[in-house]
Amino acid sequence: MATLTVKRLWKEYGNQVVLENINLTVADHEFVTIVGASGSGKTTFLKMLLGIEQPSRGQLLIDDKPIAPEPDQQRGIVFQRYSLFPHLSVMDHVLLGLEFQGAPFVGRLFGTRRKQAVEKANEMLNSVGLYQARDKYPAQLSGGMQQRLSIAQSVICEPKILLLDEPFGALDPGITSDMHDLILNLWESRRMTIFMITHDVQESFKLGTRLLVFDKLRHDPQSPEAYGASITYDIPLRNGKKTQASAA
Ligand SMILES: Nc1ncnc2c1ncn2[C@@H]1O[C@H](COP(=O)(O)OP(=O)(O)OP(=O)(O)O)[C@@H](O)[C@H]1O
Ligand SMILES: [Mg+2]
């Protein structure tokens with residue numbers, strides 16, 4: 001279970017109001033897609049959900065408890081640009097999250113626990129189609145494979161909430177349909193709640209169960225930083241894998 005509640009949330013950087021008065025309740029296992037103009041605070045919002053930025057005012061609650069003020073295992077993130085380490089193999093990347101989780105002081109797992117971790121990593125790599133590439137290094141992977149690896153690295157930690165910041169924005173349009181299938185499968189099988197920012201409205205309709213639009217309700221041309229964005233539309237969508245499956 002992970003119900004997320006946002007109450008009267010504001011975010012300011014100095015004199016610039018980025019977000020104003022965001023109110024939102026997101027049920028367990030929703031797939032929330034977010035669109036909005038550049039600079040409307042979408043990434044900032046995701047960073048607050050992750051815990052690497054703090055709200056200026058207001059509350060963020062998971063299951064009625066304040067969100068941890070730093071990242072934890074409950075939440076995972078995938079950014080638009082690959083954040084992989086050139087000297088680590090595909091398998092190393094997936095093990096990395098598990099190693100920190102299982103041995104925070106040593107940073108490595110040994111014996112039976114390592115064996116279990118490798119099994120889990122193999123299973124994860126299989127489900128994102130990277131099992132055959134498990135000994136490769138990032139430079140030997142295509143853009144789509146690198147993004148699959150970033151997703152695998154986050155998802156193996158079994159986050160309740162997965163945050164995706166334009167994860168397919170830098171990819172060749174030809175492969176986005178495969179990536180959509182992958183993310184819908186993971187969303188279904190692992191029952192995560194997903195928040196995904198996209199610039200592609202079609203993508204937001206295809207994947208989401210709910211679409212949020214971030215925009216400014218008020219704008220002062222003399223003082224463009226005086227007002228921030230709010231959620232101007234909150235649109236229920238009947239898409240996602242479930243509907244496709246039931247329609248079949
Ligand atoms: N750490 C920071 N310090 C100061 N200002 C910041 C910081 N992070 C973001 N901002 C400002 O907050 C505003 C919102 O930025 P944000 O990155 O959240 O927008 P966005 O909606 O994700 O835009 P894009 O679609 O271009 O990715 C921008 O004006 C940005 O300059
Ligand atoms: Mg952004």
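Residues numbered from 1 in each chain as written. Chains lettered and ligands numbered in written order. Predicted model: local features only at pLDDT ≥ 70, side-chain atom pairs only at ≥ 80, totals over all residues. Heavy atoms only, no water.

Scanning the protein from N- to C-terminus turns up seven helices and 10 strands. For 248 residues, the compact-globule formula gives about 18 Å, and the C-alpha radius of gyration of the protein, at 19 Å, lands near that figure. Across its three principal axes, the protein shows a C-alpha extent of roughly 60 × 45 × 35 Å. Residues counted as buried form 47% of the 248 residues belonging to the protein. Here the analysis covers contacts within the protein between residues at least 6 apart in sequence; of these, 70% occur between residues at least 24 apart. Carbon together with sulfur atoms contributes 51% to the accessible area of the protein, which is approximately 12,500 Å² in total. Taking the average place of the 27 positive charges on the side chains of the protein and the average place of its 27 negative ones, the gap between the two points comes to 4 Å. (Helix = DSSP H or I, 4+ residues; strand = E, 2+ residues; numbered from the N terminus. Rg over C-alpha atoms; globule rule 2.2 N^0.38 Å. Buried < 20%, exposed > 50% of the residue type's maximum accessible area, 1.4 Å probe, protein only. Contact = heavy atoms within 4.5 Å. Areas by Shrake-Rupley, 256 points an atom, 1.4 Å probe, with all protein chains shown as cover. Lys, Arg positive; Asp, Glu negative; His and termini not counted. Charge placed at Lys NZ, Arg CZ, Asp CG, Glu CD.)

Every one of the 13 residues lining ligand 1 counts as a neighbour, but Gln-16, Ser-38, Lys-42, Thr-43 and Thr-44 are closest to it. A distance of 2.6 Å is found between an oxygen atom of ligand 1 and a side-chain nitrogen or oxygen belonging to Ser-38. Contact between ligand 1 and Thr-43: an oxygen atom at 2.8 Å from a side-chain N or O atom of the residue. Protein contacts shield 62% of the accessible area of ligand 1, which totals 640 Å² for the unbound molecule. (Near = heavy atom within 4 Å. Polar contact = N/O pair within 3.5 Å; in protein donor to acceptor, adjacent residues only side chain to side chain.)

What follows is about the pattern of salt bridges. Oppositely charged side chains are able to pair whenever their charged atoms sit close together. Tallied over the entire structure, the rule returns seven salt bridges. Here Glu-53 ties to Lys-11 by a salt bridge, and the two come within 3.3 Å at their closest N and O atoms. Of the two residues, Glu-53 is situated in the loop between α1 (42–50) and β4 (57–62) and Lys-11 in strand β1 (residues 4–13); the sequence distance between them amounts to 42 residues. The partner of Asp-234 in a salt bridge is Arg-210, with the nearest N and O atoms 2.8 Å apart. Residue Asp-234 is found in strand β10 (residues 229–236), and its partner Arg-210 is found in strand β9 (residues 210–216); the two are separated by 24 residues along the sequence. When salt bridges that share partners are traced, they join Glu-30, Arg-210 and Asp-234 into one network. (Salt bridge = Lys/Arg side-chain N within 4 Å of Asp/Glu carboxyl O.)

Position of Gly-143 relative to the elements: it lies in helix α4 (residues 143–155). As a C-alpha pair, Gly-143 and Leu-84 span 59 residues in sequence and 11 Å in three-dimensional space. The contacts of Gly-143, once residues within four sequence positions are left out, are Tyr-82 and Leu-171.

Here the protein is partitioned into domain 1 (1–74 + 159–248) and domain 2 (85–158). Inter-centroid distance (C-alpha atoms) of domain 1 to domain 2 is 26 Å. At the interface, 15 residues of domain 1 touch 13 residues of domain 2. A combined buried area of about 1,200 Å² lies between domain 1 and domain 2, and 69% of that area is made up of carbon and sulfur atoms. Summed over the shared surface of domain 1 and domain 2, the result is zero salt bridges. Of all the elements, helix α5 (residues 173–190) adds the most residues to the side of domain 1 that touches domain 2, at seven residues. Its residues placed into classes, the side of domain 1 that touches domain 2 shows 11 nonpolar, one polar and three charged. (Domains from an automatic or database assignment. Buried area = accessible area lost by both parts, 1.4 Å probe. Nonpolar A, V, L, I, M, F, W, Y, C, P; charged D, E, K, R; others polar.)

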